[in-house]
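# Overview (structure and organization)
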Amino acid sequence: TQLLEQSPQFLSIQEGENLTVYCNSSSVFSSLQWYRQEPGEGPVLLVTVVTGGEVKKLKRLTFQFGDARKDSSLHITAAQPGDTGLYLCAGMDSNYQLIWGAGTKLIIKP
Amino acid sequence: KAGVTQTPRYLIKTRGQQVTLSCSPISGHRSVSWYQQTPGQGLQFLFEYFSETQRNKGNFPGRFSGRQFSNSRSEMNVSTLELGDSALYLCASERDSQETQYFGPGTRLLVL
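Residues numbered from 1 in each chain as written. Chains lettered and ligands numbered in written order. Predicted model: local features only at pLDDT ≥ 70, side-chain atom pairs only at ≥ 80, totals over all residues. Heavy atoms only, no water.

## Let's talk about the overall build of chain B
From N to C terminus, chain B includes zero helices and eleven strands. The order of α-helices and β-strands along chain B, N terminus first, is β-β-β-β-β-β-β-β-β-β-β. Taken over the C-alpha trace, chain B has a radius of gyration of 13 Å; the compact-globule value for 112 residues is 13 Å, and the two agree within 12%. Considering only C-alpha atoms, chain B reaches an extent of 35 × 25 × 25 Å along its principal axes. (Helix = DSSP H or I, 4+ residues; strand = E, 2+ residues; numbered from the N terminus. Rg over C-alpha atoms; globule rule 2.2 N^0.38 Å.)

Put into structure tokens, the structure is as follows:
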């Protein structure tokens, strides 16, 4: 069974701090997606990374795909209360199925 | 362009009952996928419909079923509800396969 493990499961930090969340697997994925989900809403796609070692930036968010395409990280610089939410990673397997992590619940306190 | 809509948004049922949830995809999208989301479990894939045909199916019991209509709207049905079926049920639409999925707000089901 393919699994994507996200860590930490929960993170609560002060506004202005930096943070990194991780998404790890023993399986190789052809691509990996990061989503943010806010209460009462469905997940919204933030980014898709495809190439091993790829780094993508979205304003204060930096996404990295591991060289072996088994893991990924999301780094947020100078976190703001608007960054609060559930961050989910999902990897595309060889059967074109999305395998989802359980998520990191992030709270940014003003 | 209107987003993905799901009805109802909230539902309370008792064990043994059945429930039908509805999803209207974004106009022009032919693929609809259903997921179950529970705390600590992430999203579990239920099934995907494309042009009225079930294209993929997750590892859920036969109590979970779905269908898609000619206008791409989809419904999922859960029969003989169990307490463990309490969850947020999300649907996502795509224009075609392997493209970006757009999620609806979900239907929160509570089974008592």
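Having seen it, we continue.
## Some points on the pairing of strand β8 (residues 71-76) of chain A
All names here are of chain A. In this sheet, β8 lies alongside strand β3 (residues 19-24) in antiparallel orientation, the contact comprising six bridges. Within β8, the residue paired with Val 21 across the bridge is Leu 74. Where strand β7 (residues 61-65) lies against β8, five bridges are found, and the strand directions are antiparallel. From the neighbouring strand, Thr 62 faces β8, where its bridge partner is His 75. (Pairing = 2+ DSSP bridges.)

## A closer look at the pattern of salt bridges
For the structure on display, the rule yields eight salt bridges over all chains. The salt bridge partner of Arg 36 of chain A is Glu 38 of chain A, with a shortest N-O separation of 3.9 Å. Residue classification places Arg 36 of chain A among the partly exposed positions, given a relative accessible area of 21%. In the salt-bridge network here, residues are joined through shared partners; they are Arg 63, Glu 82 and Asp 85 of chain B. (Salt bridge = Lys/Arg side-chain N within 4 Å of Asp/Glu carboxyl O. Buried < 20%, exposed > 50% of the residue type's maximum accessible area, 1.4 Å probe, protein only.)

## Considerations on the interface of chain A and chain B
It is common to report an interface's size as the accessible area lost on association of the parts. At the junction of the two partners, chain A supplies 15 residues and chain B supplies 17 residues. Here chain A meets chain B over a buried area of about 1200 Å², counting both sides, of which 55% is carbon and sulfur. If you look at where chain A meets chain B, you find zero salt bridges. Here chain A and chain B share four residue pairs in polar contact (both at pLDDT 80 or more) between them. (Contact = heavy atoms within 4.5 Å. Buried area = accessible area lost by both parts, 1.4 Å probe. Polar contact = N/O pair within 3.5 Å; in protein donor to acceptor, adjacent residues only side chain to side chain.)

## As for the sheet that holds strand β1 (residues 5-7) of chain A
All names here are of chain A. Strand order in this open sheet of five strands is β1-β3-β8-β7-β6, and the pairing throughout is antiparallel. Unpaired on one side and paired on the other, β1 and β6 (55-58) mark the two borders of the sheet. Sheet twist, expressed as the average angle between the axes of neighbouring strands with direction ignored, equals 15 degrees. In this structure, β1 lies alongside β3, joined through three bridges in antiparallel fashion. (Axes fitted to C-alpha atoms, helices over the stretch in contact; angles between N-to-C directions.)

## Regarding the nonpolar core
One finds Leu 19, Leu 32, Trp 34, Phe 63, Leu 74, Ile 76 and Leu 106 of chain A to be the most contacted residues of the largest nonpolar core, which totals 23 residues. Those elements that place two or more of their residues in this core are β2 (10-14), β3, β4 (31-37), β5 (44-49), β7, β8, β9 (85-92) and β11 (104-109) of chain A. Cys 23, Val 32, Phe 60 and Leu 109 of chain B belong to the second largest nonpolar core, which has 21 residues in total. (Core = buried A, V, L, I, M, F, W, Y, C linked by side-chain atoms within 4.5 Å.)

## Concerning the environment of Val 78 of chain B
Residues and elements named next belong to chain B. Looking at the element boundaries, Val 78 is found in strand β8 (residues 74-78). Distance in space between the C-alpha atoms of Val 78 and Ser 51 is 22 Å, their sequence separation being 27 residues. Not counting the four nearest positions on each side in its chain, Val 78 is found in contact with Gln 17, Gln 18, Val 19, Arg 63, Phe 64 and Asp 85.

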